[in-house]
Amino acid sequence: QVQLVQSGGGLVQAGGSLRLSCVMSRGTFSSYAMGWFRQSPGKEQEFVVAIDWSGGSTVYTDSVKGRFATSRDKAKNTVYLQMNSLKPADTAVYYCAADTSYRVVKGLGGRIAYWGQGPQVTVSS
């Protein structure tokens with residue numbers, strides 16, 4: 001059973017940066033496309049970014065383009081989300097996701113196979 005363990009959430013002031021990490025265990029990392037989703041209180045879960053199996057393709061939601069960047073390190077079985085110029089509107093629980101389908105982790109339909117535990121990211125104004 002694949003496990004995704006996240007780290008890196010916390011409290012930051014507006015304009016600051018945070019980096020989230022998501023480590024995969026018990027799975028073949030290169031077989032999975034990875035994604036990041038977030039959920040704020042009272043709102044539906046929102047797609048943030050996806051990265052394909054090799055890291056050669058990424059897709060971002062418009063609200064984070066130019067501020068967030070994702071990457072993956074196959075040697076460490078880890079995907080990262082670097083978040084810069086954070087805004088209070090970015091406050092949410094952030095989940096990493098893994099699926100063999102790139103389409104699925106882009107939030108285009110289908111059930112994502114594996115989720116991380118979702119640390120809180122809070123951006124104060």
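Residues numbered from 1 in each chain as written. Predicted model: local features only at pLDDT ≥ 70, side-chain atom pairs only at ≥ 80, totals over all residues. Heavy atoms only, no water.

**Considering the overall build of the protein**
- For the protein, the count of helices and strands is one helix and 11 strands.
- The order of α-helices and β-strands along the protein, N terminus first, is β-β-β-β-β-β-β-β-β-α-β-β.
- Scaling as 2.2 N^0.38, a compact globule of 125 residues should have a C-alpha radius of gyration of about 14 Å, and the protein matches this with 13 Å.
- Projecting the C-alpha coordinates of the protein onto the three principal axes gives extents of approximately 40 × 30 × 25 Å.
- Here the protein holds 125 residues, and 45% of them are scored as buried.
- Pairs at least 24 apart in sequence give 57% of the contacts found in the protein among residues at least 6 apart.
- As presented, the protein carries roughly 6300 Å² of accessible surface, and 47% of it is formed by carbon and sulfur atoms.
- With 13 positive and 7 negative side-chain charges, the protein shows a separation of 4 Å between the mean positions of the two kinds. (Helix = DSSP H or I, 4+ residues; strand = E, 2+ residues; numbered from the N terminus. Rg over C-alpha atoms; globule rule 2.2 N^0.38 Å. Buried < 20%, exposed > 50% of the residue type's maximum accessible area, 1.4 Å probe, protein only. Contact = heavy atoms within 4.5 Å. Areas by Shrake-Rupley, 256 points an atom, 1.4 Å probe, with all protein chains shown as cover. Lys, Arg positive; Asp, Glu negative; His and termini not counted. Charge placed at Lys NZ, Arg CZ, Asp CG, Glu CD.)

**What to know about the nonpolar core**
- Of all hydrophobic cores here, the largest spans 26 residues; its most connected members are M34, W36, M83 and Y94.
- Of all the elements in the fold, those that place two or more residues in this core are strand 3 (18-25), strand 4 (33-39), strand 5 (46-51), strand 8 (78-83), strand 9 (92-99) and strand 11 (120-124).
- Not counting residues up to four positions away in its chain, the partners in contact with M34 are L4, C22, M24, F29, V49, A50, I51, R72, V79, A97, A98 and V105.
- In terms of nonpolar packing, the next biggest core, distinct from the first, is built from nine residues, F37, A97, V104 and V105 among them. (Core = buried A, V, L, I, M, F, W, Y, C linked by side-chain atoms within 4.5 Å.)

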